[in-house]
Amino acid sequence: QLTNLAPILSSQIHTSAPLCRVVSGKYRITKKRDRPLTYEMANPPHFIAHRKSWNSWNTSSLKGGLRRSETAVEDEFIRRFMTGTWHGLVCSEVIIKRQFNHIRVSAIIRRAVSPTKMYFLLGYTEELLSNWIQCPVTLELQTVDSFQDVVFKYI
C-alpha cells in the first residue's frame, strides 16, 4: 500500500529555493535608456506613503467600510472614462479623491486642444460621471505644454 502512495508523497515535496525578489510594479531599464517615467511611475510600490501617494483616496477599505467592491469598480470606470474622453491628452495618473458624497478627479492634461473644446470636455465629463455615479463629480485639471514637462527621468 505504501508503494502506491510514493508518487503522491514525492510530488508534494518542493526542493527549490524561494525567489524573494519583488519585481511587480517596477519598470525595466531599457538598453538605450529612452523610456520616460513620471514621478509616480519612477517610485516603486513600496514607497507608497513615503515618496508617493495613493491613486484613490477613500474610506471604504477601512475595517467596516461599505461598498468596497463598488468603489473599486467605480474608480476603474472613472479612470477608463477619463483616458477615453481625454484621448491622448492625459499625461499623468488619474487621482480620485472621495469626500462624503463628492468625488474629485485630478489629472495633468496636455494643452493640445482649443480652450473651447477643453471646456466642453470638462463639462461633458463632469455631467456624465455625475449622472452615472449619482453623486457630484468635480474635475481638477492642470495643463502642461507637452508630455516632456511631466517626465521625471528616463530608464
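Residues numbered from 1 in each chain as written. Predicted model: local features only at pLDDT ≥ 70, side-chain atom pairs only at ≥ 80, totals over all residues. Heavy atoms only, no water.

A. Structural context of the pattern of salt bridges. Scanning the model with the defined rule gives five salt bridges in all. Residue E140 pairs with R104 through a salt bridge whose shortest N-O separation is 3.0 Å. One end of the pair, E140, is in strand β5 (residues 137-144); the other, R104, is in strand β4 (residues 102-110), with 36 residues separating them in the sequence. Of the charged contacts in the structure, one is a salt bridge between D145 and R111, with a shortest N-O distance of 2.6 Å. (Salt bridge = Lys/Arg side-chain N within 4 Å of Asp/Glu carboxyl O. Helix = DSSP H or I, 4+ residues; strand = E, 2+ residues; numbered from the N terminus.)

B. Seen up close, unusual backbone geometry. Despite not being glycine, R33 shows a phi value in the positive range, around 50°. Looking at where R33 falls in the secondary structure, it is placed in the loop between α1 (2-11) and β1 (36-37).

C. Structural detail: helix α4 (residues 115-133). The first and last C-alpha atoms of α4 sit 27 Å apart over 19 residues, in line with the 27 Å expected at 1.5 Å per residue. Within α4, burial applies to M118, L121, T125, L129, S130 and I133. One face of α4 carries all of its buried residues, which in axial projection span an arc of 150°. Projecting away from the buried face of α4 at angles above 90 degrees are the exposed residues T116, Y119 and F120. Contact partners of the buried residues in α4: α3 (68-85), β4 and β5. Positive phi shows up at Q134, right after α4, with a value of about 65°. (Expected span 1.5 Å × (residues − 1). Buried < 20%, exposed > 50% of the residue type's maximum accessible area, 1.4 Å probe, protein only. Arc of directions from axis to C-beta. Contact = heavy atoms within 4.5 Å.)

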